[in-house]
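Letter by letter, the chains look like this.
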Amino acid sequence: MLSNNRKINIDEIFRLYYRPLCLYALHYLHSTDDAEDVVQDCVTEFLERIDRGLEVDNVRSYLFMMVRNRSLDSLKLATCIDSNHTADEFVELIDESEYEEASFIEARLWTAIDSLPEKCREIFLLCKRDGLKYEEIAEELGISINTVKNQVSKALQTLKNGCHKIYMFFFG
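Residues numbered from 1 in each chain as written. Predicted model: local features only at pLDDT ≥ 70, side-chain atom pairs only at ≥ 80, totals over all residues. Heavy atoms only, no water.

## A few points about the packing of aromatic side chains
Overall, the coordinates contain four aromatic pairs when judged by the stated rule. Centroid distance Tyr-24 to Phe-64: 4.8 Å. Interplanar angle 75°. Geometry classified as edge-to-face. Pair noted here: Tyr-24 is in helix H1 (residues 10-29) and Phe-64 is in helix H3 (residues 59-77), with a separation of 40 residues, a long-range link. Under the relative-accessibility criterion, Phe-64 is labelled buried at 1%. With a centroid separation of 5.5 Å and an interplanar angle of 45°, the aromatic rings of Phe-46 and Tyr-62 are classed as tilted. Here Phe-46 is found in helix H2 (residues 32-51), whereas its partner Tyr-62 is found in helix H3, with 16 residues between them in sequence. For the pair shown, Phe-46 and Tyr-62 are each scored as buried. Three or more aromatic residues link up through ring pairs in this structure, and these residues are Tyr-24, Tyr-28 and Phe-64. (Phe/Tyr/Trp six-rings, centres within 6.5 Å; stacked < 30°, edge-to-face > 60°. Helix = DSSP H or I, 4+ residues; strand = E, 2+ residues; numbered from the N terminus. Buried < 20%, exposed > 50% of the residue type's maximum accessible area, 1.4 Å probe, protein only.)

## Concerning the nonpolar core
With 28 residues, the main nonpolar core has Ile-13, Tyr-17, Leu-21, Val-39, Phe-46 and Val-67 as its most contacted residues. Among the elements of the structure, H1, H2 and H3 are those that each provide at least two residues to this core. Considering each element in turn, this core owes the most residues, 10 residues, to H1. Residues in contact with Val-39, not counting those within four places in the same chain, are Tyr-18, Leu-21, Cys-22, Ala-25 and Val-67. (Core = buried A, V, L, I, M, F, W, Y, C linked by side-chain atoms within 4.5 Å. Contact = heavy atoms within 4.5 Å.)

Pasting the structure below:
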């Protein structure tokens, strides 16, 4: 996490929080483009506030609160929510801490998937994300069914090992 004793910089903010914040905003907005716009606006505004002297004890909580509020404001503007209501009235409808933690876990999972070798990642996503059967993947990519099985198995093992390392880092 960011140290309160040193200057906050944009690279560190994006490295630590961009993907989890986008996934968090996506829970509200259901549009990747809208979620990314909200997060970029919030990070920019946050950094401007820091430059003007704002002191923040918990950067993570502050950014998640900004993204939540901006997402709810965005929904109100899109008339998805009755404009007579305030963002605070909807807090009870969504378990904030659950969404925050799920966003970080999902971001770590996507980071691990992104780190798979290109062909392995492609096969894994065709299978798990797109729901194709091994035979369909083999036919589409012009490879054997055994190659598909091996690549999916390799991806699952890599992801399992990566999750174990993350777990041991935090709780070991």
